[in-house]
Amino acid sequence: MLNTVLETYLSMQIKITITGPESSGKTTLSRTLAEKFNTLWVPEYARDYINQLHRPYEESDLLEIARGQLAREDEYAQQTRQIYFCDTSLEVIKIWSEFKFKRCHPWILEQHQKRKADFYLLCAPDLPWEDDPQRENPDDREELFEIYQQELSGEPVQEVWGGEGKRLQAAEEAIRVLLP
């Protein structure tokens, strides 16, 4: 009996979402943590989706992006056993939709409630802004960070601040507490 309980505990998947405002180091942290923990990271679906558009994205595209993000998360989750990292998740789409369009599609809201991460790393916007054709808000990162803090209140979350090394160290320490 004890072996069965231990095997179940050791085989539990842990989904860790790296989230935060634009240009706050999410992708770098996701990739680096996956390497450190010898696992997979789920790239942000929105980047691929928007790159293939031949027009500016619209509010209706956010629903397709949300569906694609969840499908990608499911695909990657099936390929790993213990821990995996998501470079963004539905809270990003929800927050962005509400910030930019003043509303969010009900399906996104519903899935956001159903598909929570086991743990969140919230990246502070204290890194220099890096221009990118898909980034829109160099001046609202602090405001958005506060929205993320409110959105994640009550969730298991660790804020990460500082340069790449400091962020990585704080993230690793928080994650090691989660692991069996």
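To keep things clear, this report deals only with the structure shown in the data block. (Residues numbered from 1 in each chain as written. Predicted model: local features only at pLDDT ≥ 70, side-chain atom pairs only at ≥ 80, totals over all residues. Heavy atoms only, no water.)

1. A word on the layout of surface pockets
Roughly 770 Å³ of internal volume is contained in the largest pocket. Along the walls of the largest pocket sit 38 residues, with Glu22, Ser23, Lys26, Glu44 and Arg135 positioned nearest its centre. In terms of residues, the lining of the largest pocket owes the most to one element, helix α2 (residues 26-36), which gives five residues. (1 Å grid on protein atoms, 1.4 Å probe; cavity = no way out; pocket = protein on both sides within 12 Å on 5 of 7 lines; lining within 4 Å. Points joined across faces, edges and corners; volume = space filled by probe spheres on them. Helix = DSSP H or I, 4+ residues; strand = E, 2+ residues; numbered from the N terminus.)

2. Observations regarding the side chain of Lys94
Within the element layout of this structure, Lys94 appears in helix α5 (residues 90-101). Filtering out sequence-adjacent residues up to four positions away, Lys94 remains in contact with Cys104, Ile108, Leu109, His112 and Glu151. (Contact = heavy atoms within 4.5 Å.)

3. Remarks on the packing of α2 against helix α8 (residues 164-178)
Following both chains from N to C, one finds α2 and α8 inclined at 55°, their axes separated by 11 Å at the closest point. As summarised for this structure, α2 and α8 are arranged oblique, according to the angle between their axes. Our pair here, α2 against α8, has a crossing hand that is right-handed. Between α2, through Thr28, Leu29, Thr32, Leu33 and Lys36, and α8, the contact on the second element is made entirely by Glu164, Arg167, Leu168, Ala171, Glu172 and Ile175. (Axes fitted to C-alpha atoms, helices over the stretch in contact; angles between N-to-C directions. Parallel < 35°, antiparallel > 145°, perpendicular 65-115°, else oblique. Left-handed = near helix turned anticlockwise from the far one by under 90°.)

4. Describing the sheet that holds strand β2 (residues 41-42)
Taken in spatial order, the five strands of this open sheet run β2-β3-β1-β4-β5, and their pairing is parallel. The open sheet has two edge strands with one neighbour each: β2 and β5 (157-160). The pairing of strand β4 (residues 119-123) with β5 spans four bridges and is classified as parallel. Of the residues in β5, the one forming a bridge with Leu122 is Glu159. Where helix α7 (residues 141-151) meets the sheet, its contacts fall on β1 (14-19), β4 and β5, and the angle it forms with β4 comes to roughly 165°. (Pairing = 2+ DSSP bridges.)

5. What about the packing of aromatic side chains?
A full pass over the atoms with the stated rule returns four aromatic pairs. Both rings, one in Phe37 and one in Phe85, keep their centres 6.0 Å apart while their planes meet at 45°; by these two values the pair is tilted. Here Phe85 lies in strand β3 (residues 83-87) and Phe37 lies in the loop between α2 and β2, a separation of 48 residues in the sequence. You'll find Phe37 and Phe85 in the same group, each marked buried. Between the NZ or CZ atom of Lys102 and the centre of the ring of Phe99, over which it lies, the distance is 5.8 Å. (Phe/Tyr/Trp six-rings, centres within 6.5 Å; stacked < 30°, edge-to-face > 60°. Buried < 20%, exposed > 50% of the residue type's maximum accessible area, 1.4 Å probe, protein only. Lys NZ or Arg CZ within 6 Å of the ring centre and 35° of its normal.)

6. Describing the nonpolar core
Counting 25 residues, the largest nonpolar core has Leu62, Ile65, Ile93 and Ile108 as the members making the most contacts within it. Listed by contribution, the elements that provide at least two residues to this core are α3 (45-52), α4 (61-77), α5, β4 and α7. For this core, the leading source of residues is α5, giving six residues. Discounting chain neighbours no more than four positions away, the residues touching Leu62 are Tyr57, Ile93, Ser97, Phe101 and Ile108. Counting residues in hydrophobic clusters, the runner-up holds 17 residues, among them Ile18, Leu29, Ile83 and Phe85. (Core = buried A, V, L, I, M, F, W, Y, C linked by side-chain atoms within 4.5 Å.)

7. Thoughts on the environment of Tyr84
Along the chain, Tyr84 turns up in strand β3. When the C-alpha atoms of Tyr84 and Thr39 are compared, they prove to be 6.0 Å apart, with 45 residues separating the residues in sequence. If near-sequence neighbours (up to four positions away) are discounted, Tyr84 is found in contact with Gln13, Ile14, Lys15, Ile16, Thr39, Leu40, Val42, Glu73 and Ala77.

8. Overview of the pattern of salt bridges
Within this structure, the stated rule accounts for 13 salt bridges. Among the salt bridges present, the one from Arg47 reaches Glu44, with a minimum N-O distance of 3.8 Å. Residues Arg167 and Asp126 are paired through a salt bridge, measuring 2.2 Å at the closest nitrogen-oxygen approach. A residue pair is termed long-range when its members are at least 10 positions apart, and Arg167 in helix α8 and Asp126 in the loop between β4 and α7 qualify at 41 residues. By relative accessible area, Asp126 is classed as partly exposed at 35%. (Salt bridge = Lys/Arg side-chain N within 4 Å of Asp/Glu carboxyl O.)

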